[in-house]
Amino acid sequence: MLLNILPQVLVDGLTLGFMYAVVALGYTMVYGILEFINFAHGEIFMVGAFVGTEVLLITDALGALEGMNPFVALFMTLIIAMVLTGALGVLIERVAYRPLRGAPRLVPLISAIGVSFLLQDVVRFTEALARNEFYLNTPTLFTSSISLGGIATIPAKGLIVIVLAIVMMLALTLFVNKTKWGIAMRAVAQDRSTASLMTINVDKVIMLTFLIGSSLGGATGVLFAQNYGTIDPYIGFILGLKAFTAAVLGGIGNLRGAMVGGVLLGLLESLSGAYMGPLTGGAFGAEYKDVFAFSILILVLLFKPEGLFGEAVKEKV
């Protein structure tokens, strides 16, 4: 019985893991350059989910969604969410982080936490004012499912999450490794002072980092809303912490580590949610999967604080 559900558990874990991985990229990109954790990144993900949902709700209210190709609707929603969350990320960097760049590391961290709570309350207030509620149901664009040989079923929306997440991660990897701006980002991450002496505009590179990371987070928010159907202003908090856990698991500051850590955490969480109850005789159920996820963070910090791919991250001089 336990083995019969394993393929389905793995499919669900991959879907969740790829979402963690893309959000974790935003954490690891910022840490690689500024060496601080942008705890507002989870709320940027949340804003992306709300922007995408509002775009679909407004389009549906205008009567245009029903006859629209679902891929066109998803593409439109992703573009709008990425543009707005990318701009939001740049604004946050300019207002909340750049003035504190020379301050002790704890100061921008506190600022990031403050921005996180601010975004939660702004979205909650805006939605309550506009719709008299802030728990929204996202219009589902894809309702079909694909059978994998009769052993598992993957919803079309879950498959789209996996495919788009892989595309975004590959595109980011190519950008960082092959483009002029990507090389500049790597140079700033290696040594900010030396990079500035080599005519690299550090401020623009940091701004670009927030733009890309926030855009990816916003796009993932749209995919999350499509996959799970219901969103609220607090979805970014737990998911953001788990994505941060994934980044630490893979090696904070390492793009490859963030990808692997996110997928691995999603699989472990899905497996624990499905099997923890039966294996413990009901003593621990699926509700303890979050405890399991954060226990992994504690164990990684205790025994391998540099993460699985920590050796690939060079220490700054």
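Cut-offs and rules
As a convention, each chain's residues are numbered from 1 in the sequence order in which they are written. Two thresholds apply to this predicted model, a pLDDT of at least 70 for residue-level local features and 80 or more for giving and counting side-chain atom pairs, whereas whole-chain, interface and lining totals are computed over all residues. Values reported for side chains reflect all heavy atoms of the structure, with hydrogen atoms and water molecules removed beforehand. Side-chain rings of Phe, Tyr and Trp (the six-membered ring for Trp) are treated as a pair once their centres are within 6.5 Å; stacked means planes under 30 degrees apart, edge-to-face means over 60, and tilted covers the remaining angles. Every helix listed is a DSSP run of H or I at least four residues long, and every strand listed is a run of E at least two residues long, numbered separately from the N terminus. Only protein chains enter the accessibility calculation, which uses a 1.4 Å probe; a residue whose area is less than 20% of its type maximum is buried, one above 50% is exposed, and one in between is partly exposed. One less than the number of residues in a helix, times 1.5 Å, gives the span that helix is expected to have. Throughout, a residue-residue contact means that at least one pair of heavy atoms, one from each residue, lies within 4.5 Å. Orientation is described by axes fitted as lines to C-alpha atoms, over the contacting stretch for helices, and by angles from 0 to 180 degrees between their N-to-C directions. Should an angle lie under 35 degrees it is considered roughly parallel, over 145 roughly antiparallel, and from 65 to 115 roughly perpendicular; all remaining angles are considered oblique. The crossing is said to be left-handed when, going from far helix to near helix, the turn is anticlockwise and less than a right angle, and right-handed when the turn is clockwise. Only Asp, Glu, Lys and Arg are considered charged in this grouping, and only Ala, Val, Leu, Ile, Met, Phe, Trp, Tyr, Cys and Pro are considered nonpolar; every other residue, Gly among them, is considered polar.

1. Here we look at the packing of aromatic side chains
Phase 1 of the analysis: With the rule as written, the count across this model stands at eight aromatic pairs.
Phase 2 of the analysis: Taking the centre distance of 5.6 Å and the plane angle of 40° together, the rings of tyrosine 97 and phenylalanine 210 count as tilted. Of the two residues, tyrosine 97 sits in helix H3 (residues 70-97) while phenylalanine 210 sits in helix H8 (residues 202-228), which places them 113 residues apart along the sequence.
Phase 3 of the analysis: Judged by its relative accessible area of 3%, tyrosine 97 falls in the buried class.
Phase 4 of the analysis: Judged by relative accessible area, which is 2%, phenylalanine 210 ranks as buried.

2. Overview of helix H4 (residues 106-131)
Phase 1 of the analysis: In this model H4 runs 38 Å from its N-terminal to its C-terminal C-alpha over 26 residues, within 8% of the 38 Å that 1.5 Å per residue would give.
Phase 2 of the analysis: Where H4 is buried, its residues contact helix H2 (41-61), H3, strand E1 (136-137) and helix H9 (235-250).
Phase 3 of the analysis: Following H4 by one or two positions, asparagine 132 has its phi on the positive side, about 65°.

3. Considerations on the side chain of serine 116
Phase 1 of the analysis: Position of serine 116 relative to the elements: it lies in helix H4.
Phase 2 of the analysis: Setting aside anything within four residues of it in sequence, one finds serine 116 in contact with Phe39, Ala40 and Glu43.

4. As for the packing of H3 against H4
Axes are the key here: two packed helices are described by the angle between their axes and the distance separating the axes.
Phase 1 of the analysis: For the pair H3 and H4, interaxial distance at closest approach is 11 Å and the crossing angle is 135°. With respect to H4, the element H3 is oriented oblique. Pair H3 / H4 crosses with right-handed handedness. Contact with H3, carried on its side by Leu88, Ile92, Ala96 and Tyr97, involves Pro108, Ser111, Ala112, Val115 and Leu119 of H4 and no other residues of that element.
Phase 2 of the analysis: Classifying every residue of the contact of H3 with H4 by side-chain character gives eight nonpolar, one polar and no charged.

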